[in-house]
Amino acid sequence: MSQQIFRSLTDFGFSAPQLQILRERLAVPQFVYFSGPAGGGKTKAALMVAWTYFQALNRPLRIDGQDMTTDQIRQAAKEHNAGILFNDMASVHDYMKAGYCLDCRMIALGIAFDGPAIAAQAHAYLLAYLPGLAIRNDVTVIAVGPGNEETGFSAYSVDFYVG
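The following refers to the structure shown. None of the values given here were measured: they were computed from a predicted structure.

1. Side note on the overall build of the protein chain
Okay, so step 1: The number of helices and strands found in the protein chain is six helices and six strands.
Okay, so step 2: Along the protein chain, helices and strands appear, N-terminal first, in the series α-α-β-α-β-α-β-α-β-α-β-β.
Okay, so step 3: Taken over the C-alpha trace, the protein chain has a radius of gyration of 15 Å; the compact-globule value for 163 residues is 15 Å, and the two agree within 12%.
Okay, so step 4: Projected onto its principal axes, the C-alpha coordinates of the protein chain cover approximately 50 × 35 × 25 Å.
Okay, so step 5: In the protein chain, which comprises 163 residues, the proportion classed as buried is 45%.
Okay, so step 6: A separation of at least 24 residues holds for 67% of the contacts in the protein chain among residues at least 6 apart in sequence.
Okay, so step 7: Carbon together with sulfur atoms contributes 55% to the accessible area of the protein chain, which is approximately 7900 Å² in total.

2. Describing the packing of helix α4 (residues 70-78) against helix α5 (residues 92-103)
Okay, so step 1: Look at α4 against α5: their axes get within 10 Å of each other, and the N-to-C directions meet at 30°. Of the possible angle classes, the one that applies to α4 and α5 is roughly parallel. Every pair of crossing elements has a handedness; the one defined by α4 and α5 is right-handed. Contacts between α4 and α5 involve Thr70, Ile73 and Arg74 from the first element and Lys97, Tyr100 and Cys101 from the second.
Okay, so step 2: A breakdown of the residues in the contact of α4 with α5 according to their chemical character gives three nonpolar, one polar and two charged.

3. Let's talk about the side chain of Lys42
Okay, so step 1: Inspection of the secondary structure assignment puts Lys42 in helix α3 (residues 42-53).
Okay, so step 2: No salt bridge is formed by the buried Lys42. Its closest oppositely charged neighbour is Asp114, at 4.6 Å.
Okay, so step 3: Here Lys42 is in contact with Phe34, Ser35, Gly36, Pro37, Ile111, Ala112, Phe113, Asp114 and Val144, once residues within four sequence places are set aside.

4. A closer look at the nonpolar core
Okay, so step 1: Phe31, Tyr33, Ile73, Ile84, Phe86, Met106 and Leu126 are the most contacted members of the largest nonpolar core, which totals 26 residues.
Okay, so step 2: Residue assignment for this core shows that the elements contributing at least two residues are β1 (31-35), α4, β3 (83-89), α5, β4 (107-112), α6 (119-129) and β5 (139-146).
Okay, so step 3: In terms of residue count, the dominant contributor to this core is α5 (five residues).
Okay, so step 4: Within the second largest apolar cluster, 25 residues are counted, among which are Phe34, Ala46, Ile107 and Ile111.

5. Things to note about the pairing of β4
Okay, so step 1: In terms of burial, β4 is a largely internal element, six of the six residues being buried.
Okay, so step 2: Side chains Ile107, Leu109 and Ile111 project from β4 onto one buried face, and the interleaved Ala108, Gly110 and Ala112 project onto a second face that is buried too.
Okay, so step 3: Here four bridges tie β1 to β4, and the two strands are oriented parallel to one another. Its bridge partner lying in β4, Phe31 is registered against Ala108.
Okay, so step 4: Judged from the five bridges that link them, β3 and β4 form a sheet pairing that is parallel. Residue pairing across strands places Met89 opposite Ala112, the latter belonging to β4.
Okay, so step 5: Note on the crossover from β3 through α5 to β4: the handedness is right-handed.

Parameters and conventions
- Residues numbered from 1 in each chain as written.
- Predicted model: local features only at pLDDT ≥ 70, side-chain atom pairs only at ≥ 80, totals over all residues.
- Heavy atoms only, no water.
- Helix = DSSP H or I, 4+ residues; strand = E, 2+ residues; numbered from the N terminus.
- Rg over C-alpha atoms; globule rule 2.2 N^0.38 Å.
- Buried < 20%, exposed > 50% of the residue type's maximum accessible area, 1.4 Å probe, protein only.
- Contact = heavy atoms within 4.5 Å.
- Areas by Shrake-Rupley, 256 points an atom, 1.4 Å probe, with all protein chains shown as cover.
- Axes fitted to C-alpha atoms, helices over the stretch in contact; angles between N-to-C directions.
- Parallel < 35°, antiparallel > 145°, perpendicular 65-115°, else oblique.
- Left-handed = near helix turned anticlockwise from the far one by under 90°.
- Nonpolar A, V, L, I, M, F, W, Y, C, P; charged D, E, K, R; others polar.
- Lys, Arg positive; Asp, Glu negative; His and termini not counted.
- Salt bridge = Lys/Arg side-chain N within 4 Å of Asp/Glu carboxyl O.
- Core = buried A, V, L, I, M, F, W, Y, C linked by side-chain atoms within 4.5 Å.
- Pairing = 2+ DSSP bridges.
- Right-handed = clockwise from strand over helix to strand, strands pointing away.

Put into structure tokens, the structure is as follows:
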């Protein structure tokens with residue numbers, strides 16, 4: 001893994017208020033959805049968030065969501081896993097499994113295969129797959145895109161939507 005993954009979240013492009021929101025939201029079951037264009041930094045952002053809020057705090061997190069069945073997700077919840085990471089979500093089935101994590105009282109970190117870098121648009125995209133999330137307040141959308149290269153390092157643009 002690149003050392004860039006381990007830079008602080010503020011260096012990546014997250015603001016202090018966004019990190020406070022994220023800290024509060026990740027204390028309870030939540031669907032955190034990362035969206036953005038290909039090569040826009042979604043996976044790096046998700047891995048940094050996972051590192052910061054799960055591994056560094058010794059909260060168990062699985063990163064093999066795509067390969068898990070619903071029975072395995074249920075078992076992970078029984079084993080007190082705090083969350084599951086779903087990478088490159090592209091099919092309805094991927095989204096349904098991530099949504100099932102909420103039913104099991106876990107956190108789902110979902111990384112879209114490709115999507116918009118504006119959080120409100122990404123939320124609408126997410127609702128196309130899981131319309132039931134529209135009435136829930138346990139969804140956080142983080143849209144990531146390329147930042148300003150003039151800063152001297154490759155910071156990213158981070159946009160939040162909290163539903």
